[in-house]
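For reference, the chains in residue letters:
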Amino acid sequence: MSGFHSLTGAFETLAMDSNSHSGASSGASFNSHYSSKSTRENSPHLPVLEWERTRHGSFDTLNTSIPDDMEFIDKYYKLVELEKTPWHESHIQRVLHSGIRARQIAQQVPYAIVQRISYLLQRPLVRIAREAQRLCGTYGKCSKHEIHTAIKLILSCTLAERCLAASVKALSIFQMRVDQFRISKKARAGLIFPVGRFHRWLVDTHVASRVDDHAAVYLAACMESLAEEIFFHAFHGNFDEVDGELSLELFEFGVSNNSDLWGILQTCEHLICGRSANGLLTLSSSPLSNNSSARSSSSGSDYSNASKGLEENVKSRQMAAWR
């Protein structure tokens, strides 16, 4: 029995010796680690380890710090904020009160929504002007053709179709008026937006060295139609959910969920139409898709008829040769 107690006492002594040895070794390694770290920091010749540079991360190697949202947004180029737009808020209010599509939503529009549309409308204007400036680089002249192509490149198919229809209508009225020296350009074109201010804005922003009057009419009519389309698409489908009350929150909700509006109304340059604020990719169908399919089917039938006629002609010639 005494031998058993002596054996257990030997095991306890061995365990105590091993714990004291491990504690001393860990303390020595801990002290040696921080002494080596301080030595590296004080000495300019020794490199600093990677895990010692990371802040807000784990103690070993992984950096778990979350980047700031503003740092992520600042990586992309922003559009220029205009100090003075070619229109006033009173022009936007008159467009919304007199527009046919706007009157389908409501007869009276709150002034806060008018201010918001007037502010957001400058972003598609800057996008169209920059694209027109790129197109005018060959000949140095801005005409209706450059504005027409820029509108088709920037806006979606649905918006571009309506805006270009309004531009063609305004330009046709502008050219048919006889008393051109007695009235203003906007009255001559049948518009609410001032055409002269748009012409001056195109000249001041150096879109091209020469700016045609037709380009200013085209751009003014496009912006006037686009203001009405923004109001219509933002509230269309969402107006019945709030019992006929227009608010700025409902307007922002409609814009953020519309793929034709959200991209072109943002400040980042790379965003265009085709994606909503939720990240859903919803491209609008082209109005020429049905025409192209019908055109392809008609061309295919014409080709089959022509091939049949050619075969019959060849057979008739072969029969005549045999005779």
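Residues numbered from 1 in each chain as written. Predicted model: local features only at pLDDT ≥ 70, side-chain atom pairs only at ≥ 80, totals over all residues. Heavy atoms only, no water.

### Section: the overall build of the protein chain
(1) Moving on: When helices and strands are tallied, the protein chain shows 14 helices and two strands.
(2) Moving on: Looking at the protein chain as a whole, 33% of its 323 residues are labelled buried.
(3) Moving on: Across the protein chain, every contact between residues at least 6 apart in sequence was considered, and the portion connecting residues at least 24 apart equals 63%.
(4) Moving on: Put simply, the protein chain shows about 20,600 Å² of open surface, and 55% of that area lies on carbon and sulfur atoms. (Helix = DSSP H or I, 4+ residues; strand = E, 2+ residues; numbered from the N terminus. Buried < 20%, exposed > 50% of the residue type's maximum accessible area, 1.4 Å probe, protein only. Contact = heavy atoms within 4.5 Å. Areas by Shrake-Rupley, 256 points an atom, 1.4 Å probe, with all protein chains shown as cover.)

### Brief notes about the packing of aromatic side chains
(1) Moving on: For the structure shown, the criterion picks out five aromatic pairs.
(2) Moving on: On the basis of an interplanar angle of 25 degrees and a centroid distance of 6.1 Å, the ring pair of W87 and F198 is categorised as stacked. Note that W87 is positioned in the loop between α3 (69-73) and α4 (89-98) and F198 in helix α11 (residues 195-204), a separation of 111 residues in sequence.
(3) Moving on: Centre to centre, the rings of F193 and F198 are 6.0 Å apart; their planes meet at 15 degrees, and the pair counts as stacked.
(4) Moving on: Three or more aromatic residues joined by ring pairs make a cluster, and in this case those are W87, F193 and F198.
(5) Moving on: Above the face of the F232 ring, R101 is positioned so that its terminal group lies 3.9 Å from the ring centre.
(6) Moving on: Taking the ring centre of F174 as reference, the NZ or CZ of R188 above it sits at 3.9 Å. (Phe/Tyr/Trp six-rings, centres within 6.5 Å; stacked < 30°, edge-to-face > 60°. Lys NZ or Arg CZ within 6 Å of the ring centre and 35° of its normal.)

### Observations concerning the pattern of salt bridges
(1) Moving on: Summed over the entire model, instances satisfying the criterion amount to eight salt bridges.
(2) Moving on: The shortest N-O distance in the salt bridge between R101 and E229 comes to 3.0 Å. Placement of the pair is R101 in helix α5 (residues 100-103) and E229 in helix α12 (residues 213-235), with a sequence separation of 128 residues.
(3) Moving on: Given a relative accessible area of 2%, E229 falls into the buried group.
(4) Moving on: Between R200 and D204 there is a salt bridge, with its nearest N and O atoms 3.7 Å apart. Here the residue R200 and the residue D204 both occupy positions in helix α11, the gap between them amounting to four residues, near one helical turn.
(5) Moving on: Since its relative accessible area comes to 46%, D204 is described here as partly exposed.
(6) Moving on: When salt bridges that share partners are traced, they join R101, R162 and E229 into one network. (Salt bridge = Lys/Arg side-chain N within 4 Å of Asp/Glu carboxyl O.)

### Details of the side chain of E228
(1) Moving on: Within the secondary structure, E228 is located in helix α12.
(2) Moving on: R101 provides the closest opposite charge to the buried, salt-bridge-free E228, at an N-O distance of 5.5 Å.
(3) Moving on: Those residues within four positions of E228 in sequence are excluded, and the remaining contacts are V95, L96, G99, I100, R101 and A102. (Lys, Arg positive; Asp, Glu negative; His and termini not counted.)

### A closer look at the packing of helix α8 (residues 144-154) against α12
(1) Moving on: Two elements in contact, α8 and α12, have axes separated by 7 Å at closest approach and are oriented at 30 degrees. Compared by their axis directions, α8 and α12 come out roughly parallel. Across from K144, I147, H148 and I151 in α8, the residues of α12 making contact are H214, A215, Y218, L219 and C222.
(2) Moving on: Of the residues in the contact of α8 with α12, the class split is six nonpolar, two polar and one charged. (Axes fitted to C-alpha atoms, helices over the stretch in contact; angles between N-to-C directions. Parallel < 35°, antiparallel > 145°, perpendicular 65-115°, else oblique. Nonpolar A, V, L, I, M, F, W, Y, C, P; charged D, E, K, R; others polar.)

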